[in-house]
Amino acid sequence: MIENNSSVVLQSEKVGILHYINMIRKFYKSILALSVAVSISIGYVAAQDSTSIASAAPAGGGDVAKGEGLFKNNCAQCHAVTAEVVVGPGLAGIEERRDYAWLKNWINNPMGVIGSGDKYANELYLKYNKTQMTAFAAFGDEEVKSILAYVKSASTPVATAPVAGAVATTPAETGGGTFINVILVALLVIMGLVLVALLGILQLLNRLSGADAGAADTSLSFGEKLQASFKNIAANKTVRSAIVWAFILLATKATFDGMYGIGVHQGYAPKQPIAFSHKLHAGEMKINCAYCHTGVYKGKQSGIPSANICMNCHNAIKRESPEIQKIYTAIETNKPIEWVRVHNLPDLAYFNHAQHTNVGGLECKNCHGEIEKMEVVQQRSSLTMGWCIDCHRKSEVNGKDNGYYAKLMEAHSAVSKGAMKVQDNGGLECAKCHY
Amino acid sequence: MKVSLKNISLALSIVTFSTVVLTSCSDNNSTGWEFAPNMYNSRAYEPLTQWRKNIINADGKDMRSPVAGTISRANYQTSFLQDDSTVVNDLMVYNLPKDSIAVAEVTLKNPIPWSDKAEEEGKVLYERNCLHCHGEKGAGDGAVGKVYKGVPNYASDAYKNMNDGHIFHVITYGKGRMWSHASQVNPEERWKIVHYVHRLQLGN
Ligand code: HEC
Ligand code: HEC
Ligand code: HEC
Ligand code: HEC
Ligand code: HEC
Ligand code: HEC
Ligand code: HEC
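Residues numbered from 1 in each chain as written. Chains lettered and ligands numbered in written order. Predicted model: local features only at pLDDT ≥ 70, side-chain atom pairs only at ≥ 80, totals over all residues.

**Re the site of ligand 6**
Near ligand 6 there are 19 residues, and of these Ala349(A), Met385(A), Cys388(A), Cys430(A) and Cys433(A) occur at the shortest range. Chains contributing residues to the immediate surroundings of ligand 6 are chains A and B. Among the elements of the structure, helix H17 (385–394) and helix H19 (430–433) of chain A are those that each provide at least two residues to the shell around ligand 6. Among the elements that make up the shell around ligand 6, the one with the highest residue count is H17(A) (4 residues). Along the lines of polarity and charge, the residues of the shell around ligand 6 split into 13 nonpolar, 4 polar and 2 charged. (Near = placed C-beta within 6 Å. Helix = DSSP H or I, 4+ residues; strand = E, 2+ residues; numbered from the N terminus. Nonpolar A, V, L, I, M, F, W, Y, C, P; charged D, E, K, R; others polar.)

Shown next, in the form of structure tokens:
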């Protein structure tokens, strides 16, 4: 009994120890959680603190909030409140550099100050390549002081607190990646299983075929067996002629397909002399097509922009890039940039952009595909006669707000119920498209 | 069917022919086969296209610059029909030099009378030519404006009082960091844009 008892005691002691360890683990866990929570909230509070400091900065003779509005509306496009150069110099510490009277004069009439022979102003003007600053003649003392007060408060560096909470987001971000990994592994496993099954079937087939092929064959290796069976098949006359015929048919089809492709430039995407990207300009920068293709709503030709249009932006943007330097070279040497033509109808056909974009109201992507997503322009449509005719059969004439078509539409609806298609307006007449 | 030398060579030639045709089409840098190449790269002068050196013009180009000092009349409409069916005549040929913005401010008035339609057309033109720098509401926050820097807000104090002549002159010759847009918008279009810029100067 004593033994039994002692064993019981021992067991309960073990349970007790386990329980104790568990408690310690839980305790540490909660401490960890607590510390994470505390550090996050500290970071949060600190971040909030820093913003509240910024907005509550002392106003030195001007209204900071008013100054902020004025600065953002009038100066921010050319000046930063830090030392960073935008168009003009950064304004951090401006009040240490110049006295108030000079600043007021300058802001009211910068060209006047430069004209008065002020040495500092002239040096600055030269340093900034003679960029003229806008004159703000209407600004009185109050406005100027407010702006200066804002610049001062916004440019004084505020101790930025380390953000502890940021760490928490990282595991969630990698979630997508692991999911793909799981799928890949699963696919691999499935493929492995299929392979095993196939091998099994092969073995079974081998054993079955071995039964009637006789004992002689068993000495042959797998490769030799395969060779033998191929030879058997090749010796069969019907199989052989079937293969030859299939080959001839396929080749004829390919030849005809190829012949239909003669004169069709679909898919043509030549390399251009400058790596100009529509994806960047028309897609990301949202520049309208007509800014560069100026004729597209006005005339037959939509036109390719000349170098001066590129220079409207690239006089300032990315000047140092070697690709942009090619535009500069073209202008300096007075040689046009020789773009490679992509879309090109034969001389026998007449196509007019304005008729389609301006009158018909069609969008570029109806015919050119999604140019704003292309790095290199590619011809997406076939530009064959069938393509033109197809669309003229399907599309309606755009009679909206077009007095020119009013009577025609009336006459059409008198004799027919459906909407007026381009073909009803002579869109299939040979002479409309052929000279 | 007999597998003779003749048959084999026939099949082979078909195969090579078709592969040549096929591969010539799949190359992105080539137009593939053309039935009548002279129709695509023609001998006649075509706009935007030149295939061979021009032997008449000294620089070898088909294009020629206009004679210095000439103005293309086709782009200069000189009379405008008003809503009350009277006609305003205006000499649209713009001959003030670049540095005369002050003269433009006092002498020029928009010859196209304001109407909803004119402003609507101005809006379309603004969206094509100015929006990417000056922003949808004229606040200087277009996608390119952010990269280009220094684009003003039309509604701000220094710009909200710009008059007709000032804006017309800026589009024609540019000002400061903005370059001339005369090659993209003709005078009539410029005046329509002026109507819309006035709308944006009011802010929202
Ligand atoms: C069109 C761009 C532009 C705008 C808008 C602009 N500035 Fe400037 N500013 C400049 C340029 C450029 C300079 C450098 C001198 C020069 O080239 O004329 C400058 C210089 C200055 C200087 C002298 C800086 C120094 O380091 O000494 C002050 C001060 C100044 N600007 C204040 C302002 C204020 C305030 C506003 C808004 C009310 C403003 N600027 C709006 C372009 C601009
Ligand atoms: C910043 C100027 C710019 C803008 C904006 C622009 N393009 Fe272009 N585009 C060019 C230049 C330069 C070329 C000639 C080089 C090339 O083919 O890439 C060109 C070529 C093309 C071509 C091929 C011309 C040919 O040779 O057949 C098409 C089609 C075209 N653009 C359509 C568009 C459409 C549609 C848009 C609007 C979504 C657009 N472009 C916007 C500058 C521009
Ligand atoms: C309305 C403004 C605008 C016009 C017009 C314009 N671009 Fe651009 N271009 C940009 C902007 C914005 C970028 C992007 C710069 C960046 O990435 O910071 C750019 C980038 C480029 C680049 C890439 C430069 C590099 O090294 O990354 C090339 C090449 C280029 N443009 C060529 C042209 C050509 C050629 C034309 C004339 C047909 C043209 N651009 C007209 C605004 C313009
Ligand atoms: C109805 C179909 C259609 C529409 C819509 C259309 N295009 Fe085209 N585009 C063509 C064809 C066809 C050509 C070839 C013209 C030729 O070779 O004469 C072409 C050629 C071009 C070219 C090469 C230069 C030229 O002028 O021949 C440019 C650039 C171009 N298009 C831009 C545009 C833009 C930008 C738009 C939208 C505003 C647009 N296109 C809308 C069918 C279309
Ligand atoms: C995406 C559809 C579409 C394609 C593709 C298209 N067109 Fe059109 N086309 C139209 C529409 C719509 C009109 C009618 C415009 C209107 O007057 O409202 C039109 C009108 C015309 C007209 C004027 C007809 C008239 O009544 O005066 C001609 C010429 C023309 N197209 C030629 C062509 C040629 C050449 C091609 C092929 C290179 C072509 N089109 C491809 C839609 C298309
Ligand atoms: C909507 C415009 C349109 C109309 C209408 C039209 N065509 Fe065409 N046609 C074209 C275009 C575009 C091509 C060039 C196709 C190409 O390059 O693949 C063409 C090509 C041809 C060709 C081939 C020329 C060659 O050498 O490859 C012939 C022949 C032709 N057309 C005859 C006609 C006849 C006949 C009619 C009247 C029944 C007619 N077309 C009406 C647009 C048109
Ligand atoms: C490439 C970008 C860009 C484009 C496109 C552009 N602008 Fe500007 N614009 C500017 C910049 C930058 C300034 C500031 C110029 C300065 O003062 O240095 C400006 C200034 C102006 C001003 C005020 C000029 C002054 O200082 O009195 C007007 C008015 C104006 N633009 C109108 C237009 C109109 C209208 C269009 C369209 C036809 C247009 N802009 C297209 C960049 C652009």
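**A few points about the domain arrangement of chain A**
Segmentation of chain A into domains returns domain 1 (64–155), domain 2 (220–262) and domain 3 (278–433). For domain 2 of chain A versus domain 3 of chain A, the distance between C-alpha centres works out to 48 Å. (Domains from an automatic or database assignment.)

**Points about the packing of helix H2 (residues 64–74) of chain A against helix H7 (residues 141–155) of chain A**
All names here are of chain A. Contact pair H2 / H7: the axes reach a minimum separation of 7 Å and the direction vectors enclose 95°. By the angle class used here, H2 and H7 are roughly perpendicular. Along the contact surface, H2 presents Val64, Lys66, Gly67, Glu68, Leu70 and Phe71, while H7 presents Glu143, Ser146, Ile147, Ala149, Tyr150, Val151 and Ser153. (Axes fitted to C-alpha atoms, helices over the stretch in contact; angles between N-to-C directions. Parallel < 35°, antiparallel > 145°, perpendicular 65-115°, else oblique. Contact = placed C-beta atoms within 7 Å.)

**Digging into the site of ligand 2**
Residues and elements named next belong to chain A. Around ligand 2, a shell composed of 21 residues is seen, among which Cys289, Cys292, Val342, His343 and Cys364 lie nearest. Sorting the residues of the shell around ligand 2 by element identifies helix H11 (278–284), helix H12 (289–292) and helix H16 (364–368) as the ones contributing at least two each. Classifying every residue of the shell around ligand 2 by side-chain character gives 13 nonpolar, 6 polar and 2 charged.

**As for the packing of helix H13 (residues 307–314) of chain A against helix H14 (residues 322–332) of chain A**
All names here are of chain A. For the pair H13 and H14, interaxial distance at closest approach is 10 Å and the crossing angle is 130°. Taken as axis vectors, H13 and H14 run oblique relative to one another. As H13 runs across H14, the sense of the crossing is left-handed. Contact residues: Ala307, Cys310, Met311 and His314 in H13; Ile324, Ile327, Ala330 and Ile331 in H14. When grouped by side-chain class, the residues that make up the contact of H13 with H14 number 7 nonpolar, 1 polar and no charged. (Left-handed = near helix turned anticlockwise from the far one by under 90°.)

**Here's the deal with unusual backbone geometry**
Residues and elements named next belong to chain A. Here asparagine 129, not a glycine, exhibits a phi torsion of approximately 50°, which is positive. Residue classification places asparagine 129 among the exposed positions, given that 6 C-beta atoms sit within 10 Å. With phi around 55°, lysine 130 is a residue other than glycine that occupies positive phi space. Here lysine 130 is to be found in the loop between helix H6 (119–127) and H7. (Buried ≥ 20, exposed ≤ 12 C-beta atoms within 10 Å, placed from the backbone.)

**Quick word on the nonpolar core**
Grouped together as the largest cluster of nonpolar side chains are 35 residues, with contacts concentrated most on Phe168(B), Ile193(B) and Val197(B). Elements with a contribution of two residues or more to this core: H12 and H13 of chain A together with helix H4 (116–129), helix H5 (131–134), helix H6 (143–148), helix H7 (164–173) and helix H8 (187–201) of chain B. Per element, the largest residue contribution to this core is 6 residues, and it comes from H8(B). Non-local contacts of Phe168(B), meaning those with residues more than four positions away in its chain, are made with Ala104(B), Leu108(B), Arg190(B), Trp191(B) and Val194(B). (Core = buried A, V, L, I, M, F, W, Y, C linked by C-beta atoms within 7 Å.)

**Regarding H4(B)**
One turn of an α-helix holds 3.6 residues; hence residues three or four places apart share an orientation. Across its 14 residues, H4(B) extends 20 Å between first and last C-alpha, which sits within 8% of the 20 Å expected from 1.5 Å per residue. Within the span of H4(B), buried status applies to Gly122(B), Leu125(B), Tyr126(B), Arg128(B) and Asn129(B). Along H4(B), the residues classed as buried sweep out an arc of 160° about the axis, all on the same side. Exposed side chains of H4(B) directed beyond 90 degrees from the buried face belong to Asp116(B) and Lys117(B). Elements that come into contact with the buried residues of H4(B) comprise H12 of chain A together with H5 and H8 of chain B. (Expected span 1.5 Å × (residues − 1). Arc of directions from axis to C-beta.)

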